[in-house]
Amino acid sequence: MYIALMKKAVTYTLYPEPPVPIDRNLAVKPPYFRFVASVVSRALRRFDYVLARDAHQSEEDRYNGRVWAVYAHTMIGVPRLDNIQHAIETVIEEGIEGDLIETGVWRGGATIFMRAVLKAHGVNDRRVFVADSFDGLPEPDPAHIADKGDTHHLYSYLKVSREEVEDNFRKYALLDDKVVFLDGWFKDTLPIAPIDKLSVLRLDGDMYGSTIEVLNTLYPKLSSGGFCIIDDYALSACQRAVDDFRRQQGIVDEMHQTDWTGRFWRKG
Ligand SMILES: C[S@@+](CC[C@H](N)C(=O)[O-])C[C@H]1O[C@@H](n2cnc3c(N)ncnc32)[C@H](O)[C@@H]1O
C-alpha cells in the first residue's frame, strides 16, 4: 500500500491538479505577455489573490506521463513507475547485485520512488545514484548529428536545482546515506562516479548525447540480469542512440515495451 501510495504522491495523481499561477514559468512567454502578467499578478497578490490558468491536463495524460507535469515530482507517469518497481523487486528476488541509478532526474520523483521501494523491502545495501546537471540539458554537441537543433537546453522548466531535489527527498523522509548525488554533466561525473556494479540503470536524458554517454560509461557496470531502462524511446534522438549502441555492442537481449515511450531489456 505504501508503494502504491508513493506512485500517486510522486505523480500528483491523488488530487485534481490546481490551476497554475500565470506568473510561473514566464521566461518562455512573449515579452508583452510577461509584462502584463507580472504587473497584474503582483497587484492581485497584494490582496491575496492569484491569477491562475487551468493547465488542461487530463487525468489520463498525467497518469501516463504524457504531459510536462506542473506540480508532480516526476513526469514519467504510473506505468513507468510500475516498471521501476518490477525491476527492483526482480533484482532483489533474483539476487542480482548492484546499485540503482537514474541519469536525468528533474525534480527527483523517480529516484525518490526507487529509494521508497528499497526501503519498503527493508533493503539497505543498495545505493540510489541521482545523476543530473541540476541545471537542465546541455547545448547540442556538434559531434552528435541526431541532436542538431535540439532545444531542450532552452527550457528553464527542465532546470531543477540540487537543493530542490534534496528537499523533495526530505519531504518523503527518504534522504539518507544510501542516496548519492552525482552533480554535473554526465560526461564529467559518470566516468569518475564511485559505482562498481549496477542492477538497475535508468536513462532519462532525452538527447542522443545524454543517452549514448550514459550507455558507453555505465552499461559495462550493469550486472548480468540487470535492467537497462530507457525513458525516452519515443524521442527520435534517444531512440537512435539506443539502437546505435545495441548494434555496436551486438546486444540482442529482447527489448520490452513499458508504455508509449518506455522500453527496457535485461542484460544477458
Ligand atoms: C526529462 S528530465 C528527467 C525526468 C525525470 N526522470 C522524472 O522522473 O521526471 C531530463 C533531465 O535530464 C537532465 N540531463 C539531460 N542531459 C544531461 C546531461 N548530459 N548531464 C546532466 N544532466 C542531464 C536534465 O537536467 C533534466 O533534469
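Residues numbered from 1 in each chain as written. Predicted model: local features only at pLDDT ≥ 70, side-chain atom pairs only at ≥ 80, totals over all residues.

*Asks:* Help me understand the overall build of the protein chain, please; the structure alone is not making it clear to me.
*Replies:* Counting its secondary structure elements, the protein chain contains nine helices and nine strands. The C-alpha radius of gyration of the protein chain comes to 19 Å, within 12% of the 18 Å expected for a compact globule of 268 residues. Overall, the protein chain is about 60 × 45 × 35 Å in size when its C-alpha atoms are taken along their principal axes. Classification of the 268 residues of the protein chain by burial places 38% in the buried group. Look at the contacts in the protein chain between residues 6 or more apart in sequence, and 75% of them connect residues 24 or more apart. (Helix = DSSP H or I, 4+ residues; strand = E, 2+ residues; numbered from the N terminus. Rg over C-alpha atoms; globule rule 2.2 N^0.38 Å. Buried ≥ 20, exposed ≤ 12 C-beta atoms within 10 Å, placed from the backbone. Contact = placed C-beta atoms within 7 Å.)

*Asks:* What is the right way to look at the domain arrangement of the protein chain in this model?
*Replies:* Interface size is commonly expressed as the accessible area that is lost once the parts come together. According to the domain assignment, the protein chain consists of domain 1 (18-54) and domain 2 (77-266). On a C-alpha basis, the centroid separation for the pair domain 1 and domain 2 is 34 Å. (Domains from an automatic or database assignment.)

*Asks:* What's the story with the nonpolar core in this structure? I'm lost.
*Replies:* Note on soluble globular proteins: their nonpolar side chains tend to be buried together. Within the largest apolar cluster, 59 residues are counted, with the highest numbers of intra-cluster contacts made by Ile88, Phe113, Met114, Val200, Leu201 and Ile229. Element by element, the count of residues in this core is highest for helix 5 (residues 109-120), at seven residues. Contacts of Ile88, omitting those with residues within four sequence positions, involve Leu100, Met114, Val117, Leu118 and Val200. (Core = buried A, V, L, I, M, F, W, Y, C linked by C-beta atoms within 7 Å.)

*Asks:* Got a minute to help me understand the site of the ligand in this structure?
*Replies:* Neighbouring residues of the ligand: 23 residues in total, closest Thr74, Gly104, Trp106, Ala110 and Ser210. Tallied by class, residues from the shell around the ligand come to twelve nonpolar, seven polar and four charged. (Near = placed C-beta within 6 Å. Nonpolar A, V, L, I, M, F, W, Y, C, P; charged D, E, K, R; others polar.)

*Asks:* Would you take a moment to explain the packing of helix 1 (residues 2-10) against helix 5 for this structure?
*Replies:* Angle between the axes and distance between the axes are the two parameters that describe a pair of packed helices. For the pair helix 1 and helix 5, interaxial distance at closest approach is 10 Å and the crossing angle is 170°. As the angle between them shows, helix 1 and helix 5 are arranged roughly antiparallel. Contacts from Tyr2, Ile3, Met6 and Val10 of helix 1 reach helix 5 at Gly109, Ile112, Phe113, Ala116, Val117 and Ala120. A per-class count over the contact of helix 1 with helix 5 returns nine nonpolar, one polar and no charged. (Axes fitted to C-alpha atoms, helices over the stretch in contact; angles between N-to-C directions. Parallel < 35°, antiparallel > 145°, perpendicular 65-115°, else oblique.)

*Asks:* Help me out: how do you make sense of the environment of Ile92 in this one?
*Replies:* Among the secondary structure elements, Ile92 is positioned in helix 4 (residues 77-94). For the pair Ile92 and Leu118, spaced 26 residues apart in sequence, the C-alpha to C-alpha distance is 8.9 Å. The residues contacting Ile92, other than those within four sequence positions of it, are His121 and Val123.

*Asks:* Just checking my understanding: could you explain the environment of Leu51 for this structure?
*Replies:* By the secondary structure assignment, Leu51 is in the loop between helix 2 (31-45) and strand 2 (52-53). Assessed through the 15 C-beta atoms surrounding it within 10 Å, Leu51 is described here as partly exposed. Leu51 sits ten residues away from Ser41 along the chain, and the two C-alpha atoms are 5.9 Å apart.

*Asks:* Honestly, helix 2 in this entry has me stumped. Any pointers?
*Replies:* Owing to its 3.6 residues per turn, the α-helix aligns residues three or four sequence positions apart on the same side. Look at helix 2: 21 Å from first C-alpha to last across 15 residues, which is about the 21 Å you get at 1.5 Å a residue. Burial analysis of helix 2 places just zero of its 15 residues in the buried class, a small minority of the element. (Expected span 1.5 Å × (residues − 1).)

*Asks:* I tried to follow helix 9 (residues 236-249) on my own but got confused; where do I start?
*Replies:* Here helix 9 spans 20 Å end to end across 14 residues, near enough to the 20 Å set by a 1.5 Å rise per residue. Residues Ala237, Cys238, Ala241 and Val242 constitute the buried set of helix 9. All buried residues of helix 9 lie within an arc of 135° about the axis, which places them on one face of the element. Turned more than 90 degrees away from the buried face of helix 9, the exposed residues are Ser236, Asp243 and Arg247. (Arc of directions from axis to C-beta.)

*Asks:* Would you explain the sheet that holds strand 3 (residues 99-103) in this entry?
*Replies:* Sheet architecture is open: seven strands sit in the order 5-4-3-6-7-9-8, paired in mixed fashion. Looking at which strands have only one partner, the edges of the open sheet turn out to be strand 5 (179-183) and strand 8 (256-257). Here strand 3 pairs with strand 6 (residues 198-203) via five bridges, running parallel. Looking at the pairing, Ile101 lines up with Leu201 of strand 6. Against the sheet, helix 4 contacts strand 3, strand 6, strand 7 (222-230) and strand 9 (263-266), and its axis sits at roughly 175° relative to strand 7. Those strands touched by helix 8 (residues 208-218) are strand 3, strand 6 and strand 7, and its axis lies near 170° from that of strand 6. (Pairing = 2+ DSSP bridges.)

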